[in-house]
Amino acid sequence: GAGVSQSPSNKVTEKGKDVELRCDPISGHTALYWYRQSLGQGLEFLIYFQGNSAPDKSGLPSDRFSAERTGGSVSTLTIQRTQQEDSAVYLCASSSALLAGNNEQFFGPGTRLTVL
Amino acid sequence: QKEVEQDPGPLSVPEGAIVSLNCTYSNSAFQYFMWYRQYSRKGPELLMYTYSSGNKEDGRFTAQVDKSSKYISLFIRDSQPSDSATYLCAMRVEGNKLVFGAGTILRVKS
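Everything in this summary refers to the structure shown in the same document. Computed from a prediction, not measured in an experiment: that's the story for all the values here.

Thresholds, definitions, all that
- Residues numbered from 1 in each chain as written.
- Chains lettered and ligands numbered in written order.
- Predicted model: local features only at pLDDT ≥ 70, side-chain atom pairs only at ≥ 80, totals over all residues.
- Heavy atoms only, no water.
- Pairing = 2+ DSSP bridges.
- Helix = DSSP H or I, 4+ residues; strand = E, 2+ residues; numbered from the N terminus.
- Axes fitted to C-alpha atoms, helices over the stretch in contact; angles between N-to-C directions.
- Contact = heavy atoms within 4.5 Å.
- Phe/Tyr/Trp six-rings, centres within 6.5 Å; stacked < 30°, edge-to-face > 60°.
- Buried < 20%, exposed > 50% of the residue type's maximum accessible area, 1.4 Å probe, protein only.
- Buried area = accessible area lost by both parts, 1.4 Å probe.
- Salt bridge = Lys/Arg side-chain N within 4 Å of Asp/Glu carboxyl O.
- Polar contact = N/O pair within 3.5 Å; in protein donor to acceptor, adjacent residues only side chain to side chain.
- Nonpolar A, V, L, I, M, F, W, Y, C, P; charged D, E, K, R; others polar.
- Core = buried A, V, L, I, M, F, W, Y, C linked by side-chain atoms within 4.5 Å.

## Quick notes on the sheet that holds strand S6 (residues 65–69) of chain A
All names here are of chain A.
Here comes step 1: The strand order across the open sheet built from four strands is S1-S3-S7-S6, with neighbouring strands paired in antiparallel fashion. Each edge of the open sheet carries a strand with a single partner, namely strand S1 (5–7) and S6. Each strand of the sheet is rotated relative to its neighbour by a mean of 15 degrees, with strand direction disregarded.
Here comes step 2: Sheet analysis places S1 next to strand S3 (residues 19–24), joined by three bridges and oriented antiparallel. For Ser7, the partnering residue across the bridge sits in S3 and is Arg22.

Here it is as C-alpha cells:
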C-alpha cells in the first residue's frame, strides 16, 4: 500500500554526465507523469504515460531528455549530457485514470538533481 | 504571459489569522481547479478540488472559483503553524494536462 516512490532522493553529478531517475508508481495506476520543479517555479510538465498508448512527450525541454515506462509500471527519466540548468527537483506522479474529472495525481517525494 | 499566475510570496501571518491565496488564469476553457499543498522536500498533495464556478468548504479550508473573472482562491481559517507550506494552484481542461501556478510560500508564525 505504499505511495509513489522515487530514487535516488538526491543526485549530484558533473556537467556532461548522464543521469537516470527512477519512479515506482502506486500499484494499479495506469497513468504516470513526470514534472520538473525549479526553485521558485511551479511544476513544469515533462511527459505523460497512459497504459499502452504512445506517451505525451510535449513537455520535454530538449532531446537530451527521454523517458521509458516498462511493463506499464516503473518509469525511468534519463537526462543525457546534463547541463547546470537541469538542476531541479524531478517529481513523478501517478493516477488511476485518464485525464478526466478529479483523477487525483499522487506525487512521489522527488529527486533533487544538482549539476555542478 | 503564463497561463496561470500565482504570487510566490512568501506570505507570513500570525497563528489564527485568515489566509487568502489566489491565482489568475488566462484560458477560459479550464474546468477543473485544484489546490495542492507541498511541505518542504515532499511531493505536492491534493488539498481541494472544485469543478467549474462556485465554493467548496472542507474544515478550515474554502476554495472559490470565479470563472467570469478567471480567478480562484483558497481561504484558510484559524491558520496553524502546521499550515506552513507551499500552496500550488492547478487547473485543467477536460482530457488535458494539469497546469500549475508557481506556488505561494505560506509561513504561519506561532
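## Things to note about the side chain of Thr111(A)
Here comes step 1: You can see Thr111(A) is positioned in strand S10 (residues 111–115).
Here comes step 2: Beyond its immediate sequence surroundings of up to four residues, Thr111(A) is in contact with Gln6(A), Ser7(A), Pro8(A), Ser9(A), Lys11(A), Leu21(A), Ala88(A), Val89(A) and Tyr90(A).

## Concerning the packing of aromatic side chains
Two numbers describe a pair of aromatic rings. These are the distance of the centres and the angle of the planes.
Here comes step 1: Counting across every chain of the model gives twelve aromatic pairs over all chains.
Here comes step 2: Summarising the aromatic geometry, the rings of Tyr35(A) and Phe45(A) are spaced 6.3 Å apart at their centres and angled 75 degrees between planes, so their arrangement reads as edge-to-face. Of this pair, Tyr35(A) sits in strand S4 (residues 31–37) while Phe45(A) sits in strand S5 (residues 43–50); the two residues are ten residues apart in sequence, bridging distant segments of the chain. Accessibility assignment for this pair places Tyr35(A) and Phe45(A) in one class, buried.
Here comes step 3: A network of ring pairs unites the aromatic residues Tyr33(A), Tyr35(A), Phe45(A), Tyr48(A), Phe107(A), Tyr36(B) and Phe100(B) as a single cluster.

## Brief notes about the interface of chain B and chain A
Here comes step 1: Each partner contributes to the interface: chain B provides 21 residues, whereas chain A provides 22 residues.
Here comes step 2: Here chain B packs against chain A, burying approximately 1700 Å² in sum over the two surfaces, 52% of which is carbon and sulfur.
Here comes step 3: When the buried surface of chain B facing chain A is broken down by residue, Arg41(B), Lys97(B) and Phe100(B) rank first, second and third, together holding 30% of it.
Here comes step 4: At the boundary of chain B with chain A, the tally comes to one salt bridge.
Here comes step 5: Here Asp56(A) makes a salt bridge to Lys97(B), at a shortest N to O gap of 3.2 Å.
Here comes step 6: One can count two residue pairs in polar contact (both at pLDDT 80 or more) joining chain B with chain A.
Here comes step 7: Those elements giving two or more residues to the side of chain B that touches chain A turn out to be strand S4 (32–38), strand S5 (45–51) and strand S9 (85–92) of chain B.
Here comes step 8: The element best represented in the side of chain B that touches chain A is S4(B), accounting for four residues.
Here comes step 9: For the side of chain B that touches chain A, the residue count by class is ten nonpolar, five polar and six charged.

## Re the sheet that holds strand S6 (residues 54–58) of chain B
Here comes step 1: The strand order S1-S3-S8-S7-S6 (chain B) describes an open sheet built from five strands, whose pairing is antiparallel. Of all strands in the sheet, those with a lone pairing partner are strand S1 (4–5) and S6 of chain B, marking the two edges.

## A short note on the nonpolar core
Here comes step 1: Of all hydrophobic cores here, the largest spans 24 residues; its most connected members are Trp35(B), Ile72(B), Leu74(B), Tyr87(B) and Met91(B).
Here comes step 2: Sorting the residues of this core by element identifies strand S3 (19–25), S4, S5, strand S7 (61–66), strand S8 (71–76), S9 and strand S11 (104–109) of chain B as the ones contributing at least two each.
Here comes step 3: Setting aside residues no more than four positions away along its own chain, Tyr87(B) makes contact with Gln6(B), Leu21(B), Trp35(B), Tyr36(B), Arg37(B), Leu47(B), Leu74(B), Ile76(B), Gly103(B), Thr104(B) and Leu106(B).
Here comes step 4: Counting residues in hydrophobic clusters, the runner-up holds 20 residues, among them Phe49(A), Leu77(A), Leu113(A) and Val115(A).

## Comments concerning the pattern of salt bridges
Residue and element names in this part refer to chain B.
Here comes step 1: Overall, the coordinates contain seven salt bridges over all chains when judged by the stated rule.
Here comes step 2: The salt bridge involving Glu45 is made with Arg37; its shortest N-O contact spans 3.2 Å.
Here comes step 3: Glu45 sits in the partly exposed class, given a relative accessible area of 34%.
Here comes step 4: Residue Arg77 is joined to Glu57 by a salt bridge in which the shortest nitrogen-to-oxygen separation is 3.4 Å. Note that Arg77 is positioned in the loop between S8 and S9 and Glu57 in strand S6, a separation of 20 residues in sequence.

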